[in-house]
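# Residue-level structural notes
Each chain is listed here by its residues.
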Amino acid sequence: MESWRQPYLRTLPAVDVVVGIYQRTAAINYPHHLLVRGAQEIVDSLRQQILEAAGEQLLAGLAVTPEEVAVRLDTWLHTLAGPALRRVINATGTILHTNLGRATLAPAARQAVLAAAGYCNLEQDLREGKRGSRHDLVEKLLLCLTGAEAACVVNNNAAAVLLCLNTLAAGRKVIVSRGELVEIGGSFRIPEVMKASGARLVEVGTTNKTRLSDYSEAIDDETALLLKVHTSNYRIIGFTSAVDVAELAYLSGKCGVPLMEDLGSGLLVDLGPYGLGGEPLVAERVAAGVDLLTMSGDKLLGGPQAGLILGRRELVARIRKNQLMRALRPDKLTLAALEATLRIYLSGEPLREVPVLAMLTVPPETLRRRAERLAETVRRSSAGKLAASVREERSFVGGGAMPEARLPTFVVAIPLRGEAGTEWLRRLRQGSPPLLGRVQDSTLLLDLRTVAEDEEEEVVRCLLM
Ligand SMILES: *Cc1c(COP(=O)(O)O)cnc(C)c1O
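Residues numbered from 1 in each chain as written. Predicted model: local features only at pLDDT ≥ 70, side-chain atom pairs only at ≥ 80, totals over all residues. Heavy atoms only, no water.

Before going further, it helps to examine the nonpolar core. Within the largest apolar cluster, 57 residues are counted, with the highest numbers of intra-cluster contacts made by L226, L360 and V397. With five residues, helix α14 (residues 332–347) is the single largest residue contributor to this core. Among the domains, domain 2 (89–96 + 359–464) and domain 3 (107–353) are the pair contributing at least three residues each to this core. Residues in contact with V397, not counting those within four places in the same chain, are T94, I95, L96, L300, L360, M402, A405 and L407. Of all hydrophobic cores here, the second largest spans 31 residues; its members include A159, V174, A224 and I309. (Core = buried A, V, L, I, M, F, W, Y, C linked by side-chain atoms within 4.5 Å. Buried < 20%, exposed > 50% of the residue type's maximum accessible area, 1.4 Å probe, protein only. Helix = DSSP H or I, 4+ residues; strand = E, 2+ residues; numbered from the N terminus. Domains from an automatic or database assignment. Contact = heavy atoms within 4.5 Å.)

This is the structure in structure tokens:
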């Protein structure tokens, strides 16, 4: 070992010395074992840093005195004691941002979560005074909104697909078009989910073309399901053809093999008038004769993470009885948020009250006005230090939904200057609340489409910190 490392290693303090210093000054009484663990981790990482430094100059000013390590221990404990899951301001312009918790819930849904956090009638029938089913809490609402015969809810859409396949097709064949063997976000791949469910995948057609005859020729005694998968996050364009749902429903009826569709997003209202057509509507699919539908609660439906299963009464009844249901069922907080969100569709104004839909349909002119006002405030209150300007950009739906949607927007653009800019971004990410925007060509872009109006003041505070 090079001799210049030795003095640094020798000065590394003993763990109990650091703990002793900390205890003499500490305001909070953390358990002793925690102090030892924190001090050990810090000393270990310092030792690692000394051993791995490529040159002596990289160790200049390394904080290795017992007092300095005790200060780091204080930070370590603060981080541990503070919440890891925090509210953030999403100024990225991506509405269903997977890293930021996908759909943001309506105020009514947030209140419902809070109310259900205590005791609630999760599985108690209050009218009859006997045991109830948690699925009944939202089933009626789902039926009224979609026209389906029966419904149940699980933890997410991946669970819904798994449960349906396992219940209806374990040990038997499921026919899927080659153009629909999709992967959604890394860990959800149709062939793999199929394997995990115990069903056997039968691929038909080609990547770009699948005909009705491809399905009908593949049906035999062992076929349990025809499966259609919405290619949520990509499009095949050019020389293509896919079989229409109505045609598949006809074939399914003729052969007595149920048709299931994984819809991905559960869009309940037509966004065609807002230039966002093309995404299948749940009620349309029910009417077209699909026997079983699955979708996410937290994509275009704008509710909590959940998987909705809608379909024929006898199929849903079998699914509810599957032993796996116990492992995949939603908790009371999810059901509370889902019910409140669905109620908005039933008797409220979803385009105004469901944040995901409001963000999708807000007029660009409104976004321009808000961006100009924010840019002006930022310039004025930073005394010109932050050169905020407004420019035209595009926002994204995200969450693997509507990959082609064009959402014109106006963003507040703030130039980032080298190292200091990178450091500033880090501070914004770690601020309270953390502020996340988009970075493009050394410029921070803040898209107000995904920022609530009452968060704008906070955005200014974060930027000036
Ligand atoms: C998003 C998606 C899934 C996974 O849904 P989660 O709710 O994230 O589990 C499955 N299938 C399709 C087609 C999807 O778009």
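When cut into domains, the protein gives domain 1 (5–81), domain 2 (89–96 + 359–464) and domain 3 (107–353). Computed over C-alpha atoms, the centres of domain 2 and domain 3 are 34 Å apart. Contacts between domain 2 and domain 3 engage 12 residues on the former and 14 residues on the latter. Of all residues in domain 2, the largest losses of buried area upon contact with domain 3 belong to T361, M402 and P403, amounting jointly to 46% of the total for that side. Across the domain 2-domain 3 interface, the total number found is zero salt bridges. Here the side of domain 2 that touches domain 3 is composed, by residue class, of eight nonpolar, three polar and one charged. (Buried area = accessible area lost by both parts, 1.4 Å probe. Salt bridge = Lys/Arg side-chain N within 4 Å of Asp/Glu carboxyl O. Nonpolar A, V, L, I, M, F, W, Y, C, P; charged D, E, K, R; others polar.)

A few words now on the pattern of salt bridges. The tally for this structure, following the rule as stated, stands at 30 salt bridges. Of the charged contacts, one joins E2 and R5 as a salt bridge, the two residues approaching to 2.9 Å between their closest N and O atoms. We classify R5 as buried; its relative accessible area is 7%. Across the pair R87 and E458 runs a salt bridge, and its minimum N-O distance is 2.6 Å. Highlighted residues: R87 in the loop between α4 (66–81) and β1 (89–90) and E458 in helix α19 (residues 456–464), separated in sequence by 371 residues. Residue R87 is classed as partly exposed on the basis of its relative accessible area of 44%. On the basis of relative accessibility, which here comes to 17%, the residue E458 falls in the buried class.

Attention now goes to the side chain of T146. Looking at the element boundaries, T146 is found in helix α6 (residues 136–146). At a separation of 3.2 Å, a polar atom in the side chain of T146 contacts the main-chain amide nitrogen of A148. Here T146 is in contact with L268, V282, A283, V286 and L310, once residues within four sequence places are set aside. (Polar contact = N/O pair within 3.5 Å; in protein donor to acceptor, adjacent residues only side chain to side chain.)

Attention now goes to the side chain of T450. Relative to the assigned elements, T450 resides in the loop between β18 (443–447) and α19. For T450, a relative accessible area of 7% puts it in the buried group. Among the polar contacts made by the side chain of T450, one reaches the main-chain amide nitrogen of G93 at a distance of 3.1 Å. Beyond its immediate stretch of four places on either side in the chain, T450 contacts N90, A91, T92, G93, T94, I95 and M359.

The residue L281 is located in the loop between β11 (259–265) and α11 (282–287) in this model. Between the C-alpha atom of L281 and that of V269, which follows or precedes it by 12 residues, the distance is 6.9 Å. Residues within four places of L281 in sequence aside, it is in contact with L267, L268, V269 and D270.

Quick look at α19 now. Count 3.6 residues to each turn of an α-helix, and residues three or four apart come out pointing the same way. All of the buried residues in α19 are E456, E458, V459, V460, C462 and L463. Contact partners of the buried residues in α19: β1, α17 (364–381), β15 (407–415), α18 (418–429), β16 (435–436) and β18.

It is worth spelling out helix α2 (residues 15–25) at this point. All buried positions along α2 are accounted for by V15, V18, V19, G20, I21 and Y22. Buried residues belonging to α2 abut α3 (32–52) and α4.

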